[in-house]
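The lines below spell out each chain.
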Amino acid sequence: MDDGTILDLFFERDEAGIEEAKHKYSKRLFMIAKNILRSNEDAEECVNDTLLKAWNSIPPNRPQMLGAYLSKITRNRSLNRWEERNAAKRGGGEVTQLLGELGESVPAPNTTEQAYDETQTTAAINIFLAKADKTARILFVLRYFHGESITGISARLKMNENRIKSTLFRLRKKLRSYLEKEGITL
């Protein structure tokens, strides 16, 4: 079933929309959550939370790209759950590492003003990525949006891990320079 039909079901408040969205996107959403949380149970719960949030937000929202909309909800839910779970024990781990990598290039919203500026930062990152080559964009999204490990990306794309690491390092440096040039405080 295509996204438009699924969204029509949501707008009609037909619960079949949830089932169709789950059927079409649950594998993708589960992988995003599992890459962040490293737990099947937590990932399944985040997928369910995502579908509930989508049910509650559509309507009035009508996303142009349902898969991206659901992925973003899943990612945010997973990161929130990860923070809750790890609040007491800040330790190593893949999520800490990937957030640390990006933390050098992208500011974290800690205040109301910074949260407001997050919209401008997001727009700037989108513009930056639109100008980057396709491989760099794919690596960035897989690593920093989907939370995949370097090893996982390497296996998926059949690329050398060192090449992935160096590409991401250069991309983060360029992103930092671009954001500074755009007047976004890091």
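I will try to describe carefully the structure that is included in this document. All figures in this text were calculated on a predicted structure; none of them were measured in a lab.

Scoring rules and cut-offs
- Residues numbered from 1 in each chain as written.
- Predicted model: local features only at pLDDT ≥ 70, side-chain atom pairs only at ≥ 80, totals over all residues.
- Heavy atoms only, no water.
- Axes fitted to C-alpha atoms, helices over the stretch in contact; angles between N-to-C directions.
- Helix = DSSP H or I, 4+ residues; strand = E, 2+ residues; numbered from the N terminus.
- Parallel < 35°, antiparallel > 145°, perpendicular 65-115°, else oblique.
- Left-handed = near helix turned anticlockwise from the far one by under 90°.
- Contact = heavy atoms within 4.5 Å.
- Nonpolar A, V, L, I, M, F, W, Y, C, P; charged D, E, K, R; others polar.
- Buried < 20%, exposed > 50% of the residue type's maximum accessible area, 1.4 Å probe, protein only.
- Arc of directions from axis to C-beta.
- Salt bridge = Lys/Arg side-chain N within 4 Å of Asp/Glu carboxyl O.

**Digging into the packing of helix 8 (residues 150-157) against helix 9 (residues 161-181)**
Consideration 1: Between helix 8 and helix 9, whose axes approach to 9 Å, the crossing angle comes to 115°. In terms of orientation, helix 8 and helix 9 fall into the roughly perpendicular class. Judged by the twist between their axes, the crossing of helix 8 over helix 9 is right-handed. Facing helix 8, whose interface residues are Ile-150, Thr-151, Ile-153 and Ser-154, helix 9 presents Glu-161, Ile-164, Lys-165 and Leu-168.
Consideration 2: Taken together, the residues that form the contact of helix 8 with helix 9 break down as four nonpolar, two polar and two charged.

**Let's talk about helix 8**
Consideration 1: Taken as a whole, helix 8 has its buried residues at Ile-150, Ile-153 and Ser-154. The buried residues of helix 8 occupy one face: seen down the axis, they fall within an arc of 100°.
Consideration 2: Phi turns positive one or two residues past the end of helix 8, at Lys-158, with a value near 55°.

**A closer look at the pattern of salt bridges**
Consideration 1: According to the stated counting rule, one finds seven salt bridges in the structure shown.
Consideration 2: Residue Asp-42 pairs with Arg-81 through a salt bridge whose shortest N-O separation is 3.7 Å. With Asp-42 in helix 3 (residues 40-57) and Arg-81 in helix 4 (residues 66-86), this residue pair connects regions lying 39 residues apart in the sequence. Of the two residues, Asp-42 and Arg-81, both sit in the buried class.
Consideration 3: Among the salt bridges present, the one from Arg-176 reaches Glu-180, with a minimum N-O distance of 3.4 Å. Placement of the pair is Arg-176 and Glu-180 together in helix 9, with a separation of four residues, close to one helical turn.

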